[in-house]
Amino acid sequence: IAIFFRTYNYLDRVAVHADNARDVQVAKFAADNLKIIQIGQFSSAGPFFYGPWYYWLLEMVSFLPFGFLTHWYAASFFSLVFILMIYYLGNSIGGKWLGSLAALFAAISPAQIENSFYVWNPAIIPFLILAALIFLVKFYLTYAGIYIFLLGFVVSLATTIHFQSILSLPILLVAIFSFKQSVGQFFKNLLFLLIGISIPVVPLLYFDANHNWYNSKSLIVFLTVDQFRIWVPNRWLTYAGIYWPQTWAYIIGGSRWLSGLVIILLSFFTFFKLKNFESHKVFYLISITFVLEVILYRYYRGERFIYYSFFAHPTVILLTAWTVIQIHK
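So, how was this worked out
Residues numbered from 1 in each chain as written. Predicted model: local features only at pLDDT ≥ 70, side-chain atom pairs only at ≥ 80, totals over all residues. Heavy atoms only, no water. Helix = DSSP H or I, 4+ residues; strand = E, 2+ residues; numbered from the N terminus. Rg over C-alpha atoms; globule rule 2.2 N^0.38 Å. Contact = heavy atoms within 4.5 Å. Areas by Shrake-Rupley, 256 points an atom, 1.4 Å probe, with all protein chains shown as cover. Lys, Arg positive; Asp, Glu negative; His and termini not counted. Charge placed at Lys NZ, Arg CZ, Asp CG, Glu CD. Core = buried A, V, L, I, M, F, W, Y, C linked by side-chain atoms within 4.5 Å. Buried < 20%, exposed > 50% of the residue type's maximum accessible area, 1.4 Å probe, protein only. Expected span 1.5 Å × (residues − 1). Arc of directions from axis to C-beta. Phe/Tyr/Trp six-rings, centres within 6.5 Å; stacked < 30°, edge-to-face > 60°. Lys NZ or Arg CZ within 6 Å of the ring centre and 35° of its normal. Axes fitted to C-alpha atoms, helices over the stretch in contact; angles between N-to-C directions. Parallel < 35°, antiparallel > 145°, perpendicular 65-115°, else oblique. Nonpolar A, V, L, I, M, F, W, Y, C, P; charged D, E, K, R; others polar. Patch = residues over 30% accessible without salt bridge, like charges linked within 9 Å, V, L, I, M, F, W, Y side chains within 5 Å. Salt bridge = Lys/Arg side-chain N within 4 Å of Asp/Glu carboxyl O.

Caption draft 1: Quick look at the overall build of the protein. When helices and strands are counted, the protein shows 15 helices and zero strands. Computed over C-alpha atoms, the radius of gyration of the protein comes to 20 Å, within 12% of the 20 Å expected from 2.2 N^0.38 for 329 residues, which places it in the range of a compact globule. A principal-axis box enclosing the C-alpha atoms of the protein has dimensions of 60 × 55 × 40 Å. Look at the contacts in the protein between residues 6 or more apart in sequence, and 73% of them connect residues 24 or more apart. On the protein, roughly 16,300 Å² of surface is accessible, and the fraction owed to carbon and sulfur atoms is 72%. Side-chain charges of the protein comprise 20 positive and 11 negative groups, with the mean position of each set lying 14 Å from the other.

Structural data, given as structure tokens:
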């Protein structure tokens, strides 16, 4: 099903305009001339730039011998891998039926299908956030240092690729509060986490240090001054009652009224299952993370473009599948 929806009439559906064309041209030029790209795309929010990691990925893809649409084939491939990954996460949380239903929803998700035809930098964010959630669960179940390192690396990587991924920071917060070992082990895990977070930031800081800290200064100006110059309606009722049902429907498919019903049922079942908290710890690990992300997103000052919610794709698909399982039970 996923392959059909992501390949049917392929040539007429790929997005080759605007940011997509720009990113591919930059990557192909760098690959053709064997250059290392120093900085990423400029942000639409203000006069600052993202890190070069996504350009590096596109540059490596440029060496594959699949013709003009090589980069779009890679995007579609990542979209298919996303389905396997969300099955793995769903299986870790609630068994094979939850994993299978989440995979089915990911296969037919309008947002994921559309995203598979784009090669601009936000397109990789759902994939990276899903990877971060998997590492969060793996760390919670095993307390292995490699998983907390990878968690920090992936969240930081996603943030440097597109700054709106800073909304995924609650994943790190939940991970830190899940530390239950000795004081020494706590600081050891914290060190692994900080090392993971630091690595993706290094290229951005290197470029900034050689350009009079332009990026950092511009970012500070945006956070302290520029973001307050635009007024956008932002009351809780509109945010919770209109924005999220519409966004949920865009991700999972269907009408916003049906999505609103799913959100209500999800809230009910989540509260109802609290009495069995011990047997649903991993589920609450994911759901608490999502609640914190939603609260953080509420306090973003500015228009909420559709790609700003890409961080929510994995969790919305997974929580919808979980809700359907609870209805069936």
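Caption draft 2: Broad picture of the nonpolar core. Ranked by size, the top nonpolar core spans 92 residues in total, and within it L151, W244, W248, Y297 and I317 carry the most contacts. The dominant element in this core, judged by the number of residues it contributes, is helix α7 (residues 125-142), at 14 residues.

Caption draft 3: Summary view of helix α2 (residues 18-32). The terminal C-alpha atoms of α2, which comprises 15 residues, lie 21 Å apart, in line with the 21 Å expected from a rise of 1.5 Å per residue. Those residues of α2 lying buried are N20, D23, V24, A27, A30 and A31. What you see down the axis of α2 is that its buried residues fit within an arc of 130°, all on one side. Within α2, the exposed residues directed more than 90 degrees away from the buried face are A18, Q25, F29 and D32.

Caption draft 4: Representation of the packing of aromatic side chains in the model. Tallied over the full model, the rule gives 38 aromatic pairs. With 6.1 Å between their ring centres and 85° between their planes, Y239 and Y297 make a pair best called edge-to-face. Of this pair, Y239 sits in helix α12 (residues 236-252) while Y297 sits in helix α14 (residues 281-298), and the two are 58 residues apart along the sequence. A residue is classified by how much of its surface remains accessible, and Y239, at 2% relative accessible area, is buried. It is R256 that lies over the ring of W257; its NZ or CZ is 4.5 Å from the centre. In this structure, R304 packs its charged tip against the face of Y297, placed 5.1 Å from the ring centre.

Caption draft 5: Inspection of the packing of α7 against helix α15 (residues 313-328) at higher detail. The interhelical angle for the contact between α7 and α15, taken along N-to-C directions, is 60°, at an axis separation of 8 Å. By the angle between their directions, the pair α7 and α15 is classed as oblique. For the pair α7 and α15, the contacting residues are P126, I129, L130 and L133 in the first and H313, P314 and T315 in the second. Looking at the contact of α7 with α15, its residues break down into five nonpolar, two polar and no charged.

Caption draft 6: Representation of a nonpolar patch on the surface. The grouping of L173, F177, W236, I288, V291, L292, I295 and Y299 at the surface amounts to a nonpolar patch, some 790 Å² of accessible area in total. Mapped by element, the contributors of at least two residues to the nonpolar patch are α9 (170-177) and α14. Per-element tally for the nonpolar patch: the top contributor is α14, with four residues. Relative to the elements of secondary structure, L292 occurs in helix α14.

Caption draft 7: Structural context of the side chain of N121. Tracing the backbone shows N121 in the loop between α6 (110-115) and α7. Classification of N121 by relative accessible area gives buried; the value is 3%. Ignoring anything within four residues of it in the chain, the contact list for N121 reads R22, D23, Q41, Y50, Y54, I161 and H162.

The values reported here are purely geometric and, on their own, carry no functional implication.
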